[in-house]
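Residue-level structural notes
Here is what each chain is made of, one letter per residue.
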Amino acid sequence: MPMPHRTFAEVAKRRLVGKDGSDRVATIRALLGELPGYRNGPYADLRKWLEGELDRTRVRAKVVHRDSLQVRREGAAQIALVGPPNTGKSSLLQALSDIQVKTGDYAFTTLRPVPALTRIGGALVQLVEIPGLIEGARDDRGGGRALLGVLRNADAIVYCRSAADPPERLDVVVREVVAAGIDKRAILALTKADDLTGDELERAVGSARVDSTQALGAVLPVSVLDDESLDRLRAAIWARTGLIRVRPRRDGRVDDEPFALAEGATVVELADLIHHDVGRSCTGGRVWGDSARFDGQRVGRAHVLADGDAVEVTTR
Ligand SMILES: Nc1nc2c(ncn2[C@@H]2O[C@H](COP(=O)(O)OP(=O)(O)OP(=O)(O)O)[C@@H](O)[C@H]2O)c(=O)[nH]1
Ligand SMILES: [Mg+2]
């Protein structure tokens, strides 16, 4: 039994994350070897996509010196983690995904943006650690311009500061981001929350809230040792992607994997993502979830969906 094609696509993307040059070529070749040889349908589409990746990788290998800081977007949204050195950004990346990243008890362990894919409520989201933003980054100090370029591309920002550090520790980074004209939905993660006692943490969160300007967004204590805090971070990240997760329902069964749609998306937009033919013949649907007044409510094509909805699309 071959792997379902959607699973294969996810696995393939995951295996390609962060790979460049000959490493990437070898992985693509291996994936092509594992792909069932159908000439039509989704597997043939996957083959075409992989062959395209092969070409693009070869082209990129020649220009890699120019844009080696660029991060290839993967997943439904891209979230940048940024903050002073040694604030636990790599550790968060590692705790939220299953990649191995270098972490270390010293500054500037990470020197290039590091991407990692994480799943939030079934949807794939790319996290990117932005290292080493220093004073003068906007004037390209420390390769700052390219790093800010990655931030500019992201859908939202998680500012990271150690809970035990004074608020000012983040000032340099925030100043550079603001001066670069980057204005995104954001979260302030107070990292290594386990370093503080309950009382100390409460005070740290309180003063961060007072101090937190609009740019920093909601304050969230996190520790890689506390799974619940990581789940809260995941939820807060998702809330800032501007996306909703919607699962198709067919024959009474709800798909495991959600589609990620823009906030405000309608039934017909979901139908179109499932397949253009379904989009064309969509008459509406039945909805389970927050956008429905009751389970299985019948709705029209223009019904606006909510995060977490399950939808049975009806067609002519
Ligand atoms: N107690 C505690 N220590 C943590 C936590 N997260 C990270 N650390 C430690 O903090 C140190 C720095 O972690 P990194 O993840 O490398 O920090 P970083 O922000 O990626 O650092 P640079 O890449 O150097 O900027 C390491 O010694 C980690 O073990 C946490 O939640 N709790
Ligand atoms: Mg790091």
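Since the model is a prediction, treat every value here as computed from it, not as a measurement. (Residues numbered from 1 in each chain as written. Chains lettered and ligands numbered in written order. Predicted model: local features only at pLDDT ≥ 70, side-chain atom pairs only at ≥ 80, totals over all residues. Heavy atoms only, no water.)

What follows covers the confidence of the model for the protein chain. For the protein chain, per-residue confidence averages 88 on the pLDDT scale, and 91% of positions sit at 70 or higher. Ranking the elements of the protein chain by mean pLDDT puts helix α3 (residues 41-63) last, at 80, and strand β11 (residues 297-300) first, at 98. (pLDDT = per-residue confidence, 0-100. Helix = DSSP H or I, 4+ residues; strand = E, 2+ residues; numbered from the N terminus.)

Here Asp183 lies in the loop between α6 (171-179) and β5 (185-191). Separated by 32 residues in sequence, Asp183 and Leu151 place their C-alpha atoms 9.7 Å apart.

This paragraph deals with the sheet that holds strand β3 (residues 123-130). In sheet architecture, strand pairing relies on hydrogen bonds along the backbone and comes in two forms, parallel and antiparallel. Judged by pairing direction, the sheet is mixed, and its 6 strands sit side by side in the order β2-β3-β1-β4-β5-β6 without closing on themselves. Two strands close off the open sheet at either side, each with one partner strand: β2 (114-120) and β6 (218-221). Averaged over all pairs of adjacent strands, the angle between strand axes in this sheet comes to 25°, irrespective of strand direction. Note that strand β1 (residues 77-82) and strand β4 (residues 156-162) share 4 bridges and pair parallel. If you follow Val82 over to β4, its bridge partner there is Tyr159. Against the sheet, helix α4 (residues 89-96) makes contact with β1, β2, β3, β4 and β5, and its axis sits at roughly 165° relative to β3, the strand it touches most. (Pairing = 2+ DSSP bridges. Axes fitted to C-alpha atoms, helices over the stretch in contact; angles between N-to-C directions. Contact = heavy atoms within 4.5 Å.)

Our next topic: the pattern of salt bridges. Taken as a whole and judged by the stated rule, the model has 17 salt bridges. Across the salt bridge formed by Glu176 and Arg138, the nearest N and O atoms sit 3.1 Å from each other. Pair noted here: Glu176 is in helix α6 and Arg138 is in the loop between β3 and α5 (144-153), with a separation of 38 residues, a long-range link. Judged by its relative accessible area of 1%, Glu176 is buried. Overall, the relative accessible area of 38% leaves Arg138 in the partly exposed class. Through salt bridges with shared partners, one network takes in Arg24, Glu53, Arg56, Arg72 and Glu74. (Salt bridge = Lys/Arg side-chain N within 4 Å of Asp/Glu carboxyl O. Buried < 20%, exposed > 50% of the residue type's maximum accessible area, 1.4 Å probe, protein only.)

The next point concerns a negative patch on the surface. On the surface, a cluster of negative charge is contributed by Asp194, Asp195, Asp226, Asp227 and Glu228. Within the secondary structure layout, Asp227 lies in helix α8 (residues 227-239). The exposure class assigned to Asp227 is exposed, which follows from its relative accessible area of 57%. (Patch = residues over 30% accessible without salt bridge, like charges linked within 9 Å, V, L, I, M, F, W, Y side chains within 5 Å. Areas by Shrake-Rupley, 256 points an atom, 1.4 Å probe, with all protein chains shown as cover. Lys, Arg positive; Asp, Glu negative; His and termini not counted. Charge placed at Lys NZ, Arg CZ, Asp CG, Glu CD.)

Here we come to α6. Regarding α6, the residues found buried are Val173, Val174, Glu176 and Val177. Along the axis of α6, the buried positions cluster into a sector of 160°, meaning they face one direction only. Looking at the buried residues of α6, the elements they touch are β1, α5 and β4. With its phi angle positive at about 75°, Gly181 sits one or two positions after the end of α6. (Arc of directions from axis to C-beta.)

Below, the discussion takes up the side chain of Glu257. Position of Glu257 relative to the elements: it lies in the loop between β8 (253-254) and β9 (259-262). Taking the relative accessible area as the measure of exposure, Glu257 reaches 18% and is therefore buried. A polar contact is formed between the side chain of Glu257 and the side chain of Arg6, at a distance of 3.5 Å. Excluding residues that lie within four positions of it along the chain, Glu257 makes contacts with Arg6, Glu10, Arg119, Arg247 and Pro248. (Polar contact = N/O pair within 3.5 Å; in protein donor to acceptor, adjacent residues only side chain to side chain.)

Now for the environment of Arg112. The topology assignment puts Arg112 in the loop between α4 and β2. Once the C-alpha coordinates of Arg112 and Ile130 are considered, the two residues, 18 residues apart in sequence, prove to be 7.1 Å apart.

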